[in-house]
Amino acid sequence: MLGADPSQTLAENYRRFARGEAHGKSPLYEELREGVAQDPEILEFLAQQPRAKRQPNLLLASVRVLFGLQNSYGAFRSVVLEHRDEVASTLAARRTQTNEPARCAVLLPVLCQLTQPLALLEVGAAAGLCLLVDHYGYDYNGHHLGGEEVVFECAVHGDVPLPERLPEVAWRAGIDLEPIDLDDATAVRWLEALVWPEQTDRLERLRSAIAIARRERPRVVRANLLDRLASVASQAPRDATLVIFHTAVLAYLSAAEREQFARDVTAIDATWISNEGPNVVPGPRVRGATPIADSHFLIARNNHPVAFCDPHGRWVQWLK
Ligand SMILES: C[S@@+](CC[C@H](N)C(=O)[O-])C[C@H]1O[C@@H](n2cnc3c(N)ncnc32)[C@H](O)[C@@H]1O
């Protein structure tokens, strides 16, 4: 029988992802997630997987790399039920490692407020695409800066301090449990499979960012962020502003691990920038402001809320 999920049932989780996250962004993934939420057989299959392997994005990307994009819920459920073992092995072998360089657009205004040059340390860096913030172009409601090779459009709401120039990055490094090797075609295929199907422009920008990363080779250390934070941070040059940042990472840690990370990061002489789902980071809570969309992240600087933003970097809403 399907066991109860500690926070919410699997069905509720899939329905929440369908209505809150995929709605308006991916009609197909909204349909597939709604379908799973109402399908006792698929829910039973998911309940047999380890808890961390039941996520909607992981299931959808696994089926996609194995059997291609399924264009209806009927086709999707058939391949899952006919190939349970293969799907289960891919779920076990993979993790949700969406690396979304467009998130740089929401980080940039915060980074540009700091004394330059910067030493950037990203925890949960995946392939390191968000470490290359100074290599991309940006368009904030027509305010352009940076290069032309890849341009991230980001709608601004409120008094966003729009930068006039890109930040100066003196040093950069990442930490990830499983850094993505961009020379490995299978790893790149997985990264691409995590982009939702209708978002072809997002896929194009991801491919351009990957081309830049293949040239720039940002260093990503293979480690748990709880183990190597201080030692990697100690490698940064002293004459640059050390920034420790993360986007869409702490949700993968337990509550106790998040508390531990918050203690570790505040013990280091650095600016801490977090960009995570609301209530994920212990500490920052917003009062007296409402995000323009239900699906949003919260950016905080040294644990003080700074802005709401789109989880994929498409808009930023500055807080007073
Ligand atoms: C959803 S991805 C986000 C990647 C990137 N920050 C971005 O915004 O595009 C989460 C990343 O965090 C990494 N991660 C999760 N838990 C970690 C841990 N305890 N230590 C290091 N990395 C971790 C995963 O391997 C994955 O690459």
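Being a predicted model, the structure only gives us computed values, none of them experimental.

Quick word on the overall build of the protein chain
Scanning the protein chain from terminus to terminus reveals 11 helices and 12 strands. Computed over its C-alpha atoms, the radius of gyration of the protein chain comes to 19 Å, within 12% of the 20 Å expected for a compact globule of 320 residues. With respect to the principal axes defined by its C-alpha atoms, the protein chain has extents near 60 × 45 × 40 Å. Expressed as a percentage of contacts within the protein chain between residues at least 6 apart in sequence, the contacts between residues at least 24 apart total 70%.

Points about unusual backbone geometry
Residue Gln116 is joined to Pro117 through a cis peptide bond whose omega torsion reads 0 degrees. With respect to the secondary-structure elements, Pro117 resides in the loop between helix H7 (104-112) and strand E1 (118-123). Although it is not a glycine, Asn141 adopts a positive phi angle of roughly 50 degrees. Even without being a glycine, Ala248 presents a positive backbone phi close to 55 degrees. Owing to 22 C-beta atoms within 10 Å, Ala248 belongs among the buried residues under this scheme.

Things to note about the sheet that holds strand E7 (residues 220-222)
With respect to topology, 9 strands assemble into an open sheet ordered E5-E12-E11-E10-E9-E8-E1-E6-E7, the strand pairing being mixed. In the strand order of this sheet, the two ends are held by strand E5 (155-157) and E7, each with one partner. Between one strand and the next, the sheet's axes are offset by a mean angle of 20 degrees, whatever the strand orientation. In the sheet, strand E9 (residues 271-276) pairs with strand E10 (residues 297-301) via 4 bridges, with the strands oriented antiparallel.

Re the site of the ligand
For the ligand, the set of nearby residues contains 22 residues, the closest of which are Gly124, Ala126, Leu225, Thr247 and Tyr252. Of the residues contributing to the shell around the ligand, the split by class is 10 nonpolar, 7 polar and 5 charged.

Examining the packing of helix H4 (residues 56-67) against helix H6 (residues 84-93)
Packing of H4 against H6 brings their axes to within 9 Å, and their N-to-C directions diverge by 120 degrees. Between H4 and H6, the crossing angle belongs to the class labelled oblique. When the axes of H4 and H6 are compared, the crossing they make is right-handed. Contacts from Leu58, Leu59, Ser62, Val63, Val65 and Leu66 in H4 reach Glu86, Val87, Thr90 and Leu91 in H6. Residues belonging to the contact of H4 with H6 are distributed by class as follows: 7 nonpolar, 2 polar and 1 charged.

Let's talk about the sheet that holds strand E3 (residues 143-146)
Spatially, E3-E2-E4 is the arrangement adopted by the 3 strands of the open sheet, whose pairing is mixed. Two strands bound the open sheet, and with one partner strand each, they are E3 and strand E4 (151-153). In this sheet, adjacent strand axes meet at a mean angle of 15 degrees when their direction is disregarded. Sheet topology note: the strand E2 (residues 137-140)/E3 ladder contains 4 bridges and is antiparallel. In the sheet register, Gly137 faces E3, and the bridge partner there is Gly146.

Thoughts on the nonpolar core
Counting residues in each nonpolar core, the largest one holds 90 residues, and the members touching the most others are Cys104, Leu107, Leu121, Cys154, Val243, Ile244 and Ile299. For this core, the element with the most residues is H7, which contributes 7 residues. Residue-level mapping places this core at the junction of two domains, with at least three residues from each of domain 1 (10-93) and domain 2 (101-318).

Examining helix H11 (residues 255-266)
Given a rise of 1.5 Å per residue, 12 residues ought to cover 16 Å, and the 17 Å separating the end C-alpha atoms of H11 matches this to within 8%. When H11 is considered as a whole, its buried residues turn out to be Arg258, Phe261 and Val265. Down the axis of H11, the buried set is contained in an arc of 60 degrees. They therefore lie on one face. Facing away from the buried side of H11 by over 90 degrees, the exposed positions are Ala256 and Arg263. On the buried face of H11, the contacting elements are helix H10 (225-233), strand E8 (241-247) and E9.

Focus on the environment of Leu46
Mapped onto the elements, Leu46 comes out in helix H3 (residues 40-47). It is 8.2 Å that separates the C-alpha atoms of Leu46 and Leu10, two residues lying 36 residues apart in sequence. When residues no more than four places from it in sequence are discounted, the contact partners of Leu46 are Leu10 and Arg54.

Calculation notes
- Residues numbered from 1 in each chain as written.
- Predicted model: local features only at pLDDT ≥ 70, side-chain atom pairs only at ≥ 80, totals over all residues.
- Helix = DSSP H or I, 4+ residues; strand = E, 2+ residues; numbered from the N terminus.
- Rg over C-alpha atoms; globule rule 2.2 N^0.38 Å.
- Contact = placed C-beta atoms within 7 Å.
- Buried ≥ 20, exposed ≤ 12 C-beta atoms within 10 Å, placed from the backbone.
- Pairing = 2+ DSSP bridges.
- Axes fitted to C-alpha atoms, helices over the stretch in contact; angles between N-to-C directions.
- Near = placed C-beta within 6 Å.
- Nonpolar A, V, L, I, M, F, W, Y, C, P; charged D, E, K, R; others polar.
- Parallel < 35°, antiparallel > 145°, perpendicular 65-115°, else oblique.
- Left-handed = near helix turned anticlockwise from the far one by under 90°.
- Core = buried A, V, L, I, M, F, W, Y, C linked by C-beta atoms within 7 Å.
- Domains from an automatic or database assignment.
- Expected span 1.5 Å × (residues − 1).
- Arc of directions from axis to C-beta.

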